[in-house]
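# Structural features, examined
Single-letter residue listing:
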Amino acid sequence: MKPSRKPQTQFASAEAAPPDEAASLAISARNLSKMYALYARPRDRLKQSLWHALPRGLPGKRRKYYRDFWALKNLSFDIKKGESVGVIGRNGSGKSTLLQILAGTLAPTGGEVWINGRVAALLELGSGFDPEFTGRENVYLNGAVWGLTQKEIDNIFDDIAAFANIGQFIDQPVKLYSNGMFVRLAFAVQTFVPKDIFVVDEALAVGDTAFQRKCLASLEQFKESGGTVLLVSHDTQTIVRQCDRCLLLHQGELVVDAASKPATDLYQKLMFTSPQRVAELLAEVRRNGVEANGADTAAVSGPGGGLVQHEPGLADRFDPDLPQPDEIIYGNGAANIFECGMYNTAGERVNVLVVGGQYQWRYRVRFNQDVHNVHFGMMLKTVDGLDAASIASFRERTYFDFISAGSVYSVTFGLTLNLVPGDYFLNVGVGGRIGSEEIYLQRRVDTAMIRVIPRDTRDSYGIAYIAPRFSYNCEAENNTDTEP
C-alpha cells in the first residue's frame, strides 16, 4: 500500500496515546512514513521550487519534476517503558531515518508517533557539537540545549570528562578530535543528561574495545533503572545481548518485530541471500512469520548458564529426545553441506557432551561448481545467539586455492569443550570465490543443538569453563570471646 503523503504527524505526550496503553508505552507509531523527493538534475529542483511559488488558482495541471522515494512505509509498532529494542537492516533500509523521526530531528511525511518521556539521541557522529568550540564548551552548550542550568552541568561535568577520558583534549577545539574522541565525548554527554529514552545509532562501532564495553555497561545500567533503549547496530551479537526484541527493516518496510535472535538470524540470511531469492524469503516470512528456535531451554539459566538440575550419569551420549532447532540455510548453491555431527573420542555420535571433553565436529561438502579460495568453518552459539566459539580452516593456516566441481570433502574440527553446562547451537559454513566475488557457498545456521552437562556436582556460571579452583589461608584469626 502506498503511504499517505498527507502530513498527520503527531508528536505528543502519553496523554495523546490511547488511554489503556498510555501508562505503559514509551513510544507508539502508527503508519509512520517518510518520503524524499529525488531530482534527476539540479535544475529540476529549481523548476519545482518556482512551480510551487506560482498561485494555486492558476489553470492547468501542476508539474512534478521529481520522483518519490519512500524511506519509510507505514511503520506501526509499540515500545513499552523499560524495553530495549534493536533496529537492524541493510544500508538504506530506513534505520537512521526512523531514529531521527523518533528523536524529533526529522519530520515524517505521514503517520503518527507518540513519545512518552525525554529522548536523548546519539545519531550522526558529532551532531550537536560546534567544531570551533572546545570539548568543555560543547558539554555546557549541549547541557543548555537540554535545559540544564550551569550549576547542574557543573555537577555532572567531572563525570562526563571521566567517562570520555580524552585528557587534555577536553580543552581543545573538537575539530581537532579523531572520530573516536568525538564519540567518546558525545556518548559521555548523553549518558549523564536526564532522559527516559536513549536512541543510539551505530555509535558503539567507533572507539576501542575498552570504551565499547564502558558504553555497553552504561546502557545496561540505564536499562536496569527502567530506561528505554533503541539501538541500531550492524553487530548482531550486540543486538542479541542488549535488546529484548528487534525491528528488522527492509527497503523502508517493517518486515519483522520479534525476539532478537530469530530477527537477527533472518537479517543474516537476507544479507547473504541472492537478490532473486530475497523477495521469496520476505513473502514466506510475511506468510508464516518468524518463529523462535524450538530448543527446550527450561534447563538453562541465562546465556550459557548452568543447568538448574544436574543430570545423572556424567557421560556423553546421544539423546534422541533432544530438541532439533529450526535450521536456516542459505548460500549461492555452489556447494552443499551434509552429514553434520558431533563425535566423541570413541567415534560415537553424541549430542549430550561433558564439560572439558575432547570432541570432533564433522561434516561433508559436495561442490557443484569450480571454486577458488575455499574455507570451511563452524561456530558454537548460546541459546540467546551469542557467539561462544568458532573454528575456521584459514585461521588454522590450512588453505584451499582451488576445488573443482564434483569434489566431495570431509572436514573435521577437533575441540576441547571448555564451555559451562547449558544448551548450545552449531552453525556450519563453506565460503569461497567465484569469479571476483567472495561469497558463502552454503551456510547452515542452527543445524544442530548440543547439551553440555557438568563433569561434577558444582554449579557453573558464564560461558567459558576455566577449570575453577579455589583455596584460602587464614593468616590470623581472633578467637577472643566477647561478652554478650
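What comes next concerns the included structure. (Residues numbered from 1 in each chain as written. Predicted model: local features only at pLDDT ≥ 70, side-chain atom pairs only at ≥ 80, totals over all residues. Heavy atoms only, no water.)

### Focus: the pattern of salt bridges
Within the structure shown, the criterion is met by 14 salt bridges. Close ionic contact of Glu 132 with Lys 175 constitutes a salt bridge, the shortest N to O distance being 3.1 Å. Of this pair, Glu 132 sits in the loop between strand 5 (119–122) and helix 4 (135–145) while Lys 175 sits in the loop between helix 5 (150–164) and helix 6 (179–192); the two residues are 43 residues apart in sequence, bridging distant segments of the chain. Here Lys 381 ties to Asp 387 by a salt bridge, and the two come within 2.6 Å at their closest N and O atoms. (Salt bridge = Lys/Arg side-chain N within 4 Å of Asp/Glu carboxyl O. Helix = DSSP H or I, 4+ residues; strand = E, 2+ residues; numbered from the N terminus.)

### Focus: the pairing of strand 6 (residues 197–201)
Within strand 6, five of the five residues are buried, which leaves the element mostly enclosed by the surrounding structure. By the alternation rule, side chains of strand 6 split into Ile 197, Val 199 and Asp 201 and Phe 198 and Val 200, which are all buried. Alignment of strand 5 against strand 6, held across four bridges, turns out to be parallel. If you follow Leu 122 over to strand 6, its bridge partner there is Val 200. Bridge count for strand 6 against strand 7 (residues 228–232) is five bridges, and the pairing is parallel. Looking at strand 7, one finds that Phe 198 is bridged to Val 229. (Buried < 20%, exposed > 50% of the residue type's maximum accessible area, 1.4 Å probe, protein only. Pairing = 2+ DSSP bridges.)

### Looking at the sheet that holds strand 11 (residues 335–343)
Read from one edge of the open sheet, three strands run 11-13-17, paired in antiparallel fashion. Looking at the sheet topology across the chains shown, the edges are occupied by strand 11 and strand 17 (408–416). For this sheet, the mean inter-axis angle between neighbouring strands, taken without regard to orientation, is 20 degrees. In this structure, strand 11 lies alongside strand 13 (residues 358–367), joined through seven bridges in antiparallel fashion. (Axes fitted to C-alpha atoms, helices over the stretch in contact; angles between N-to-C directions.)

### Concerning the sheet that holds strand 9 (residues 253–259)
If you trace the six strands from one edge of the open sheet to the other, you get 5-6-7-3-8-9, paired in mixed fashion. Each having just a single partner strand, strand 5 and strand 9 make up the two edges of the open sheet. On average, adjacent strands in this sheet sit at an angle of 15 degrees to one another, irrespective of strand direction. Here strand 3 (residues 84–88) runs beside strand 8 (residues 245–250); their pairing, made up of four bridges, is parallel. Bridged to Gly 86 within strand 8 is Cys 246. With respect to the sheet, helix 10 (residues 275–288) is in contact with strand 8 and strand 9, its orientation differing from that of strand 9 by roughly 55 degrees. (Contact = heavy atoms within 4.5 Å.)

### A word on empty space enclosed by the protein
Taken as a whole and judged by the stated rule, the model has three cavities of 30 Å³ or more. In terms of lining residues, the largest cavity is bounded by Val 355, Pro 421, Pro 454, Arg 455, Asp 456, Arg 458, Asp 459, Ser 460, Tyr 465 and Pro 468. Among the residues making up the lining of the largest cavity, the classes are represented as five nonpolar, one polar and four charged. In this structure, the second largest cavity encloses a volume near 40 Å³. Forming the boundary of the second largest cavity are Thr 236, Gln 237, Val 240, Lys 261, Thr 264, Asp 265, Gln 268, Lys 381 and Gly 385. (1 Å grid on protein atoms, 1.4 Å probe; cavity = no way out; pocket = protein on both sides within 12 Å on 5 of 7 lines; lining within 4 Å. Points joined across faces, edges and corners; volume = space filled by probe spheres on them. Nonpolar A, V, L, I, M, F, W, Y, C, P; charged D, E, K, R; others polar.)

### Some points on the side chain of Lys 95
Its place among the elements puts Lys 95 in helix 3 (residues 95–103). Not counting the four nearest positions on each side in its chain, Lys 95 is found in contact with Val 87, Ile 88, Gly 89, Arg 90, Val 232, His 234 and Leu 249.

### Some thoughts on unusual backbone geometry
At Asn 74, a position not held by glycine, the phi torsion is positive, near 50 degrees. Topologically, Asn 74 is positioned in strand 2 (residues 67–80). Its identity is not glycine, yet Arg 397 carries a phi of approximately 60 degrees, on the positive side. Secondary-structure assignment places Arg 397 in the loop between strand 15 (387–392) and strand 16 (400–403).

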